[in-house]
Amino acid sequence: MNKEEFIKSVTDVFKDIDSNWINQIELYKVFLREYNKKVNLTRLDDEAKIYGSYFYESIIPYKTVDFSKINSLLDIGSGSGIPGIVLKILYPHINLTIIESNNKKTIFLNELIKELDLKNVKVITKRAEIIRPNEREMFDLVTSRAVASIKVMLELSTPYAKVGGQIIVPKSVNYKNETNGLNQLMSALDVSKEILTFTSLNDVIHNVLIFKKNKKTNHVYPREWTKIIKNA
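Below is a summary of the structure that appears in this document. (Residues numbered from 1 in each chain as written. Predicted model: local features only at pLDDT ≥ 70, side-chain atom pairs only at ≥ 80, totals over all residues. Heavy atoms only, no water.)

Some remarks on the environment of Thr 64
The cut-off we apply is this: Here a strand is any run of E in DSSP of at least two residues, a helix any run of H or I of at least four, and the numbering for each starts at the N terminus. Any residue under 20% of the maximum accessible area for its type is buried, any over 50% is exposed, and the rest in between are partly exposed; the area is computed with a 1.4 Å probe on protein chains only. Contacts are assigned to residue pairs that have any heavy atoms within 4.5 Å of one another.
Its location among the elements puts Thr 64 in the loop between α3 (47-59) and β1 (72-76). Take Thr 64: its relative accessible area is 49%, and that puts it in the partly exposed class. Here the alpha-carbon distance between Thr 64 and Ile 205, two residues 141 residues apart in the chain, equals 16 Å. When residues no more than four places from it in sequence are discounted, the contact partners of Thr 64 are Leu 196 and Ile 210.

Quick look at the sheet that holds strand β6 (residues 191-199)
The condition that has to hold: For two strands to count as paired, DSSP must find a minimum of two bridges between them. Axes here refer to lines fitted to C-alpha atoms; in helices the fit is confined to the stretch in contact. Angles between the N-to-C directions go from 0 to 180 degrees.
The seven strands lie next to each other as β3-β2-β1-β4-β5-β7-β6, forming an open sheet whose pairing is mixed. The two strands at the open ends of the sheet, each matched to only one other strand, are β3 (121-125) and β6. Pairs of neighbouring strands in the sheet enclose a mean axial angle of 20°, with direction left out of account. Taken strand by strand, helix α5 (residues 103-116) contacts β2 (95-100) and β3, and its axis lies near 165° from that of β3.

Overview of the pairing of β6
Two elements, β6 and strand β7 (residues 205-213), share nine bridges in a ladder whose sense is antiparallel. Bridged to Ile 195 within β7 is Leu 209. Between β6 and β7, which pair antiparallel one after the other, the connecting turn spans five residues, and Asp 203 there sits at a positive phi close to 65°.

Structural measurements only, silent on function.
Rendered as structure tokens:
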């Protein structure tokens, strides 16, 4: 996907985005490539792959989200900034929080935020299951990309979401291998689910699990990590 194809694809799908978004994306791309020469963050060094496999494929799972109603977004395990930073570029009004346990990546993220002059972005270096009282029920949308299994991410994410908020977990074609016991966990967390399945312009199959939080989460969640990953 070249730059022109990327611009057209994004503007066709995402509405009411910031007029300066492509300039910010270009700065992001350049900064990522230069930084990656010093610190290995991603194996994508080809420009077409950065536009397609990195930027576009990271945000297309959110094509049905009405971002005019999203004020607070939590991205768990953002790595080198996707999808959270890209969504923030498209919709600058969002208050973005990123949780990333890898210190090398949080250093990059903070430098990227400074380079792009982004406001209302917070990067927290910690494990997501260690949740502070003032972080519970705080976010309109909680998401993660390629971090862990569906059940693990649902348990980690739900306590952070507001009642009525969404938890979005994008998955590939083999997502059904991760659904054993999912209904029991959904019942315990009191969330409902819908699944959006589609093929992107790059012929990538997306299965997007969208959970809605129906009531406050019991304080036993999230559990200790060893319990979360057991039978996950």
